[in-house]
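The lines below spell out each chain.
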Amino acid sequence: MANRLVATAEQTALLEVREVTKAFPSPDGKGFIQVLSPLSFSIRAEEWVVVVGPSGGGKSTLLRILLGLIPPTSGEVLVHGKPLRGVHPNAALVFQQFALLPWLTVLENVELPLRAKGIPRLERLKRALAVIDMVGLDGYESAYPRELSGGMKQRVGLARALVVEPELLCMDEPFSALDVLTAENLRAELLRLWLERKMPTKAIVMVTHNLEEAVQLADRILVLGGRPTRLRAEIEVDLPHPRSPDSPSFRALLDDLYQWMTDPTRPDQKVVVATEISPQPFVPLPHARVGGIAGLLHILADVGGQIDLHELAHRLHLSIDDLLPIVEAARLLGFMEVKEGDLILTEKGIDWLKADILKRKEIFRDLVIQIPLIARIVSALRSTRNKTLPMDFFLDLLDEHFGEDEARRQLQTAIDWGRYAELFTYDATTDMLRAEE
Amino acid sequence: MIAKQVRSFNRYDAMVAMGLFALLYAAVHVGQGMFARFSPEHPPPISLNPALLPYYAARSVLRMFVALALSVAFSLVYGSVAAKNRRAEQFLIPLLDVLQSVPVLGFLSATLTFFLSLSPTSLFGLELASIFAIFTGQAWNMTFAFYHSLLTLPEPLKEAAAMMKLSRWQRFWKVEVSYAMLPLVWNGMMSFAGGWFFLAASEAITVLRRDYRLPGLGSYMATAVEQGDLVATLWAIGVMVVTIVAVDQFFWRPMVAWAEKFRTEETEAVVKVSSWVLNLLQQTHLLRRYFGRLAVGVGEWLDRRMTQIGEIALPEHTRLGLGRLTTFALITFCVYWFLRGVIIVVTDLSIGEMLRVVGLGFVTLARVMMVVVISTLLWVPIGVFIGLHPNLARFAQPLVQIAASFPANMLYPLLALVFLKTQFPFAIGSVIPMMLGAQWYVLFNAIAGAMGIPTELQEAAGIFRLPAKERWRWLIIPALFPHWVTGAITAWGGAWNASIVAEVIEWHKQRLTTAGLGAYITLAATKGHAAAIVWGITVMSAFVLTFNRLFWQRLYRLAELRYKLG
């Protein structure tokens, strides 16, 4: 899969969108509403492009423009370098609501586009039956759409699109009218057909508002946004299939997409490459309790925000070794800096001290969730059905990195921090960890 | 694919084959009569022998079906042009609206003269005039239904057709006509029912004191009435009922049941229509196979040919030129006939006479309004009662349908007989013949409306123990309102049309007339007074259109906005 991207970079584009804009007459009939501001991108062979964006953001309009179903207000669409006039000569569209003709059987529906091409009857039947077989509708040839479930109808929609062996397959939210399990199933099958090159299709353009779906399937993601809609980012997804939603790279890309969706101020980016992230190594946690960290910060604040480490140890009648884990923890969390032997309270530390208990927990939570060990624990707990896992599970995990005793101590510190942050709870009688909502 | 079954000739094949053969023979035999030679001096005699009634009925039915075929063709062409050509639409749709409001029966004499001139030596001209009259009773409604379907064709279906690059021919049949099939069939059935009225009125008419009679049920009736033969009259009525039921069973029910397959999934069938005839046809083996093959072959051939023809694109300037030429020809045609009409009316009629006709219009208007009011008071309560009792409704609806299909004008002579015997004042009595045909639309819609009241609402009314009066005020009347408006508009239009034949009725050379616009038009037609006919129809159309705009359309909009359930 990875070399698909490399191999295709040199080829000419199957389709190119150049400075395309679209404006619709406003409802009061007086002016125009700009829906798309100039957009440019191209579709290359051998790639699955997913267009994501907020609903009502002109995704479907864009799809219809590049299919030639509606003309752009300005700009142009090039197919193999030639301007597109009328409907795209070699493309097919799969609709959100299937758009099957209810009065035709499955076979007749699939056959219809071939009929339009003037293909003789026997040949038509042969090809239609082959595609019906491919999408797993064998045995349903003479059924009417109304007799089929949503998932089956979309299979017919897919068969109807594929039967003309389109160079470009477009899909407009093809899975969003299906229930979750059916959608998952069909998505996986389609991906399999694509990866095994069973589909006679050179490229796929799919519009969706389901970001997870985008990460799951795309070779490239076009992020639309803003008003009027513009291309905010283009993300090359260089992740191998199958992509597990639990893998860190999947999560990272998904988080990134969510950020694009929710943060309109994020500056546009031309091409971003999402590559595989190797799992982060565990950084050992310094063994300090939250109360200890708070105490240290209080003292620091009382002496004016800055003190020499040795002097502090001396004042508190403690050895530096006793103090170090607490200092290290406060530094790790960004509450404090250490400069030439001096401890200096940071802005973040001052904010935290000033905050009430709830706010403190909130700040703390945002900080510790970025610590790999705690992040791992949280995501592992959340991925289970009842959000609960035995402590031993994590001990086994940590053994490999730290050895048995240190693993136990690491976990104790993580539990102390996690509890304070209200990320998870620990039940000592059952030895179970449980994620909080 | 389809498993290879041993398919042999079964008993269903035998039954259907026999039926088909009989139909074919009858069509040829009856059809020949249409071209029979005829001279105005010796009109073909109508015999009152009841044994000839099946033949006469067949002639009438053939006429009805030819008119239906023409109506369908007209609807498809006119509706498509109106829906697809924006410039044509601006002209065609208002025209259709006017055509729908014009009382076509008034034109009968004028069109008869025209069609006789086309084919003066055979019955064919007369035949065409009758078919045209039936056509005008059917076509407008069906055209509106098709046009409306085309406008509401869902965007995804249009896009799918464009993506598949269907040819115009393929898109028309596979997408557009298929999408419109259900409303077309239902509307066709309703319009066909209305067509019987025009059939009965158009088979036997008097123009310029000369009687024209086409062999058919309507003429048989007219002859029976003329001779005062009560038995023959009753025979005619009986055969009419049997014919209506037979056409319903053998044609419309199978059509409606078959059309169910064109239902889109967003809508749900209220009543499941089944047809034993359709079931029978579907159980034949051999016939289905051979007719199926034939149909596939013909379909493929047509598909290829028409797709090729559809691809022939005229150059842009030729198309524009043709469009302009057509528009110009149409405008010239309209202006010419409009001016001729104006000249005839202005030269032949005095101002006083013209005003008198407007006055007669108000008299008929009063009658038409009485028809609507009385129908409402009489049939709404009955309709609600039937509609709220589903078992009763299942039983009553087909009966009402037959009653509505029965051409009321066939009963006018019997009414005349009653009026003559009882000396009932016909000035008021003439409301009854007008109501006879029109009332059913009110009943029909009242039943449908009551059946459409959601059970939850009825249960809620029951739980709150709403007294009957309150129940009517807060639930039944509001829920019924949109249906009543639809029914009342149809009854209103029907009553105006009926007034032309209902204000002058006869029994055995005794004629009952009353002052009114309908009577004015009829008498003018008998005398062949062109100016009076034109002016009478103009005034009537003006009445209908004015009230449609000022009154009914507002009620309709109110009903749509405020009282539409669901």
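All residue numbers here refer to positions counted from 1 along the written sequence of the relevant chain. Here the convention is simple: chains get letters from A, ligands get numbers from 1, in the order in which they are written. It should be noted that, the model being predicted, local features are given only for residues of pLDDT at least 70 and side-chain atom pairs only at 80 or more, the latter also being counted only at that level, while totals for whole chains, interfaces and linings use all residues.

Here a helix means four or more residues in a row that DSSP labels H or I, a strand means two or more in a row labelled E, and each is numbered from the N terminus. The number of helices and strands found in chain B is 21 helices and 4 strands. By the compact-globule yardstick of 24 Å for 566 residues, chain B fits well, its C-alpha radius of gyration being 25 Å. Here the C-beta atoms are placed from the backbone, and a residue counts as buried if at least 20 other C-beta atoms lie within 10 Å of its own, exposed if 12 or fewer do, and partly exposed otherwise. Scored against the burial criterion, the 566 residues of chain B give a buried share of 39%. Note that contacts rest on C-beta atoms placed from the backbone: two residues are in contact if these are within 7 Å. The contacts of chain B with a sequence gap of at least 6 include a subset with a gap of at least 24, amounting to 80%. The quantity called the radius of gyration is restricted to C-alpha atoms. Its globule counterpart is 2.2 Å times the number of residues to the power 0.38.

A tally of helices and strands in chain A yields 16 helices and 17 strands. Taking 437 residues into account, the globule formula puts the C-alpha radius of gyration at 22 Å, and chain A, at 29 Å, lies well above it. With respect to the principal axes defined by its C-alpha atoms, chain A has extents near 95 × 55 × 45 Å. Residue burial in chain A is summarised as follows: out of 437 residues, 35% are buried. Taking the intrachain contacts of chain A between residues at least 6 apart in sequence as the baseline, contacts between residues at least 24 apart amount to 70%.

With that settled, the discussion passes to the confidence of the model for chain A. Every residue carries a pLDDT, the predictor's confidence in it, which falls somewhere between 0 and 100. Averaged over all residues, the pLDDT of chain A equals 86, while 96% of them reach at least 70. Counted against residues more than four places away or in other chains, residues 1–10 of chain A, with its pLDDT under 50, gives 15 contacts.

Tracing the backbone shows leucine 184 of chain B in helix H7 (residues 168–202). Each C-alpha atom of the pair leucine 184 of chain B and valine 72 of chain B lies 8.5 Å from the other, and the pair is 112 residues apart in sequence.

Let us now look at the sheet that holds strand S12 (residues 306–308) of chain A. Backbone-to-backbone hydrogen bonds join strands into a sheet, with any given pair of strands oriented parallel or antiparallel. Residue and element names in this part refer to chain A. If you trace the 3 strands from one edge of the open sheet to the other, you get S12-S14-S13, paired in antiparallel fashion. Edge positions in the sheet fall to S12 and strand S13 (336–339), since each of these pairs with one other strand and no more. In this sheet, adjacent strand axes meet at a mean angle of 20° when their direction is disregarded. The sheet contact formed by S12 and strand S14 (residues 342–345) spans 3 bridges and is antiparallel. Paired with glutamine 306 across the strands is isoleucine 344, a residue of S14. Every axis in this analysis is a line fitted to C-alpha atoms, fitted for helices over the stretch in contact. Angles between the N-to-C directions lie between 0 and 180 degrees. Packed on one face of the sheet, helix H10 (residues 309–316) meets S12 and S14 and runs near 80° to S12. For two strands to pair, DSSP has to find at least two bridges joining them.

Contacts between the two partners involve 24 residues from chain B and, on the opposite side, 19 residues from chain A. Residue assignment for the side of chain B that touches chain A shows that the elements contributing at least two residues are helix H6 (155–164), H7 and helix H11 (286–311) of chain B. Sort the elements by how many residues they give to the side of chain B that touches chain A and H6 of chain B lands first, with 7 residues. In terms of residue class, the side of chain B that touches chain A is made up of 10 nonpolar, 5 polar and 9 charged. Under the scheme applied, nonpolar residues are Ala, Val, Leu, Ile, Met, Phe, Trp, Tyr, Cys and Pro; charged residues are Asp, Glu, Lys and Arg; polar residues are all the others, including Gly.

What follows covers the nonpolar core. In terms of nonpolar packing, the biggest core is built from 224 residues, with Val49, Val50, Ala159, Cys170 and Val205 of chain A together with Ala446 of chain B touching the most fellow members. Element by element, the count of residues in this core is highest for H7 of chain B, at 18 residues. Valine 49 of chain A has contacts with Ile43, Ala203, Ile204, Val205, Ala218, Asp219, Arg220 and Leu222 of chain A, leaving out every residue within four places of it along the chain. Throughout this description, the term nonpolar core refers to a group of buried Ala, Val, Leu, Ile, Met, Phe, Trp, Tyr and Cys residues whose C-beta atoms join them within 7 Å.

Attention now goes to H7 of chain B. Residue and element names in this part refer to chain B. Under the convention used throughout, the expected extent of a helix is 1.5 Å for every residue step, that is, one less than its residue count. Between its first and last C-alpha atoms H7 spans 38 Å; for 35 residues at 1.5 Å apiece the expected length is 51 Å, and the helix comes up short by more than 12%. Take the seven residues that end at a residue and the seven that start at it, fit an axis to each, and the angle between those axes is the bend at that residue. The largest bend in H7 is about 50°, located at methionine 181, with the proline proline 183 one to four residues further on. Across the 35 residues of H7, 27 count as buried, placing the element largely inside the fold.

Residues and elements named next belong to chain A. Both strand S9 (residues 220–225) and strand S10 (residues 230–237) contribute to a ladder of 6 bridges, which runs antiparallel. Pairing of isoleucine 221 across the sheet is with isoleucine 235, part of S10. As consecutive antiparallel partners, S9 and S10 are separated by 4 residues, and within that stretch glycine 226 has a phi angle of approximately 85°, a positive value. As paired elements, S10 and strand S11 (residues 269–274) share 5 bridges and run parallel to each other. Looking at S11, one finds that isoleucine 235 is bridged to valine 272.

Our focus in this paragraph is the sheet that holds strand S17 (residues 432–435) of chain A. All names here are of chain A. Taken in spatial order, the 3 strands make up an open sheet running S15-S17-S16, and their pairing is antiparallel. Of all strands in the sheet, those with a lone pairing partner are strand S15 (388–390) and strand S16 (424–427), marking the two edges. Across this sheet, the average inter-strand angle for adjacent strands is 20°, counted without regard to direction. In the packing of helix H14 (residues 372–383) onto the sheet, contacts are made with S15, S16 and S17, and the angle to S17 comes to roughly 85°.

For residues other than glycine, phi is negative in most cases, and the peptide bonds are mostly trans. Residue and element names in this part refer to chain A. For the peptide bond that leads from arginine 227 to proline 228, omega is -10°, which places it in the cis range. Here proline 228 shows up in the loop between S9 and S10. Residue proline 242 is reached from histidine 241 by a cis peptide bond, and omega for that bond is -5°. Secondary-structure assignment places proline 242 in the loop between S10 and helix H8 (248–262). Of note, the phi angle at histidine 317 is positive, near 55°, even though the residue is not glycine. Residue position: histidine 317 is located in the loop between H10 and helix H11 (320–332).

Below, the discussion takes up the packing of helix H9 (residues 290–302) of chain A against H11 of chain A. All names here are of chain A. Running from amino to carboxyl end, H9 crosses H11 at an angle of 85°, the nearest separation of the two axes being 9 Å. When the axis of H9 is compared with that of H11, the two are roughly perpendicular. Residues Gly292, Ile293, Leu296 and Leu297 of H9 touch H11, and the partners they reach there are Ile326, Val327, Ala329 and Ala330. Residues that form the contact of H9 with H11 fall into these classes: 7 nonpolar, 1 polar and no charged. Here roughly perpendicular refers to angles of 65 to 115 degrees, roughly parallel to angles under 35, roughly antiparallel to angles over 145, and oblique to all remaining angles.

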